[in-house]
Amino acid sequence: MSKPLEGIKIIDFTHVQAGPACTQLLAWFGADVIKVERPGSGDVTRNQLRDIPDADALYFTMLNSNKRSLTLDTKTPEGKEVLEKLVKESDVLVENFAPGALDRMGFTWERLNELNPKLIVASVKGFSDGHHYDDLKVYENVAQCAGGAASTTGFWDGPPTVSAAALGDSNTGMHLAIGILTALIGRGQTGRGQKVAVSMQDSVINLCRVKLRDQQRLDRVGYLEEYPQYPHGEFTDVVPRGGNAGGGGQPGWVLKCKGWETDPNAYIYFTIQGHAWEPICRAIGKPEWIDDPNYNTAQARQPHIFDIFATIEAWLADKTKYEAVDILRKFDIPCAPVLSMKEIANDPSLRASGTIVEVPHKQRGSYLTVGSPIKFSGLKPEITGSPLLGEHTDEILSELGYSKDQIANLHASRSV
Ligand code: COA
């Protein structure tokens, strides 16, 4: 099976999560991704939260599959020379250093463009260029707070809350991948590379689009009818936290199922789609609600939506989350069990689709990781283990034309 990105060489100057998630995706689709790491230490995640002494941590292995690792000190003259050779032969350089780090290393956009005018230089930063916070170092939760996710997530009587989903990190990496692929197509038209930049704040804001919608609706009418605060609670002039309410105009909530007292995930998400009202009433044994004017429109239901959810919870009391979904799916009701990570890790459907994959690793034996969420008819990405630190250094140097003696000298000078 051909891999669409075969022949594309990427210098992966990334670390932690946002950048590595981007380059890993491109590696799955066939790009030759060369991870450039500092000799001796490498990407900080190799050592973070280790579960096996002396073996690369899962944080690293799960974000760096299908790559090759080159150790290189890009602050020594010899290391800079190697990077320059690599730049001349590559299609893309991806980095997510702190603001200004690449410039301080001597590799400004102008310099890189001079070395290889076809090179695409792709960067992740916390804030976009010119933003009043553009000098800040940024991690996941900082971006979630600066991007509007935290202020709109959680319960109304609690503080702003961050999501477990990596909205600031991996999400930004996915945005960057789209930018890189666009620039590659653009290069096919113009013959020139360009700079591609994505900020973590912007990527979070892009996912909080409907909350900006709500802010404008609130400014105009003073309330938001699909939020739990309506009609009994109060609105201020900012979009409130809506708990587990559905964001798209379909009321929904997380509801308890059998066993919730001891199992923290014995819940389903239940959605009350307007046109599904009749099947919902039939499913939960309340046919008398179908035509009742207190219930038969979304507007009539909203004032007592939590009483309706309580009735559905009473119906769920003797059903496990799986039994409940098996009944509700027959009525075409959008719902799902709340799944724990343990259930996801062992889900046969996710294993069969390649979304959860077990990958061999030289130190660890094998480990579970998340495979490609994107499925193709003509490509089945094969996920391979992450590289050991510097595993491919000599191989890559010899591809760049270095002789055995020259490679030995580079090792001796500790530049690789
Ligand atoms: N050889 C020599 N030096 C190297 C090197 C190599 N192979 N790789 C990195 N370095 C140097 C950098 O040049 C930098 O040196 P300088 O500060 O003297 O210029 C130094 O290592 C540290 O890099 P930095 O990016 O500042 O790391 P940090 O650990 O201090 O900060 C982040 C980490 C993630 C906060 C920061 O990189 C950042 O804000 N990145 C942008 C946003 C982002 O991606 N956040 C993380 C999302 S998961």
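Calculation rules
- Residues numbered from 1 in each chain as written.
- Predicted model: local features only at pLDDT ≥ 70, side-chain atom pairs only at ≥ 80, totals over all residues.
- Heavy atoms only, no water.
- Pairing = 2+ DSSP bridges.
- Helix = DSSP H or I, 4+ residues; strand = E, 2+ residues; numbered from the N terminus.
- Axes fitted to C-alpha atoms, helices over the stretch in contact; angles between N-to-C directions.
- Contact = heavy atoms within 4.5 Å.
- Parallel < 35°, antiparallel > 145°, perpendicular 65-115°, else oblique.
- Salt bridge = Lys/Arg side-chain N within 4 Å of Asp/Glu carboxyl O.
- Buried < 20%, exposed > 50% of the residue type's maximum accessible area, 1.4 Å probe, protein only.
- Domains from an automatic or database assignment.
- Near = heavy atom within 4 Å.
- Polar contact = N/O pair within 3.5 Å; in protein donor to acceptor, adjacent residues only side chain to side chain.
- Areas by Shrake-Rupley, 256 points an atom, 1.4 Å probe, with all protein chains shown as cover.
- Nonpolar A, V, L, I, M, F, W, Y, C, P; charged D, E, K, R; others polar.

Here we look at the sheet that holds strand E7 (residues 252-256)
Part 1 of the argument: Taking strand neighbours across the sheet as the criterion, the three strands line up as E7-E8-E9 in an open arrangement whose pairing is antiparallel. Edge positions in the sheet fall to E7 and strand E9 (335-337), since each has one partner strand and no second. Sheet twist, expressed as the mean angle between neighbouring strand axes with direction ignored, is 20°.
Part 2 of the argument: Of the pairings in the sheet, the one linking E7 to strand E8 (residues 267-271) comprises five bridges and is antiparallel in character. Pairing of Val254 across the sheet is with Tyr269, part of E8.
Part 3 of the argument: The sheet contacts of helix H12 (residues 305-316) involve E7 and E8, and relative to E7 the element is tilted by about 35°.

Some points on the packing of helix H7 (residues 170-190) against helix H8 (residues 200-207)
Part 1 of the argument: Contact pair H7 / H8: the axes reach a minimum separation of 9 Å and the direction vectors enclose 95°. The orientation of H7 relative to H8 falls into the category roughly perpendicular. Residues Asn171, Thr172 and His175 of H7 form the contact with H8, whose participating residues are Met200, Ser203, Val204, Asn206 and Leu207.

Considerations on the pattern of salt bridges
Part 1 of the argument: Tallied over the entire structure, the rule returns 25 salt bridges.
Part 2 of the argument: Of the charged contacts, one joins Arg68 and Glu399 as a salt bridge, the two residues approaching to 2.9 Å between their closest N and O atoms. Taken together, the positions of Arg68 in strand E3 (residues 68-71) and Glu399 in helix H16 (residues 393-399) put the pair 331 residues apart, joining distant regions of the chain.
Part 3 of the argument: Given the relative accessible area of 13%, Arg68 is considered buried.
Part 4 of the argument: The salt bridge involving Asp326 is made with Arg329; its shortest N-O contact spans 2.8 Å. Pair noted here: Asp326 and Arg329 are both in helix H13 (residues 321-330), with a separation of three residues, about one helical turn.
Part 5 of the argument: Asp326 sits in the partly exposed class, given a relative accessible area of 36%.
Part 6 of the argument: You can call Arg329 exposed: its relative accessible area is 56%.
Part 7 of the argument: Members of the salt-bridge network, linked through shared partners, are Arg213, Asp214, Arg217, Glu225 and Glu226.

As for the domain arrangement of the protein chain
Part 1 of the argument: Assigned domains within the protein chain: domain 1 (9-206 + 347-413) and domain 2 (252-333).
Part 2 of the argument: The C-alpha-based centres of domain 1 and domain 2 are spaced at 43 Å.

Section: the site of the ligand
Part 1 of the argument: Around the ligand sit 23 residues, and of these Lys75, Ala98, Arg104, Lys137 and Val138 come closest.
Part 2 of the argument: The separation between an oxygen atom of the ligand and a polar side-chain atom of His15 is 3.0 Å.
Part 3 of the argument: Alone, the ligand offers 930 Å² of accessible surface; in the complex the protein occludes 84% of this.
Part 4 of the argument: Residues that form the shell around the ligand fall into these classes: 11 nonpolar, five polar and seven charged.

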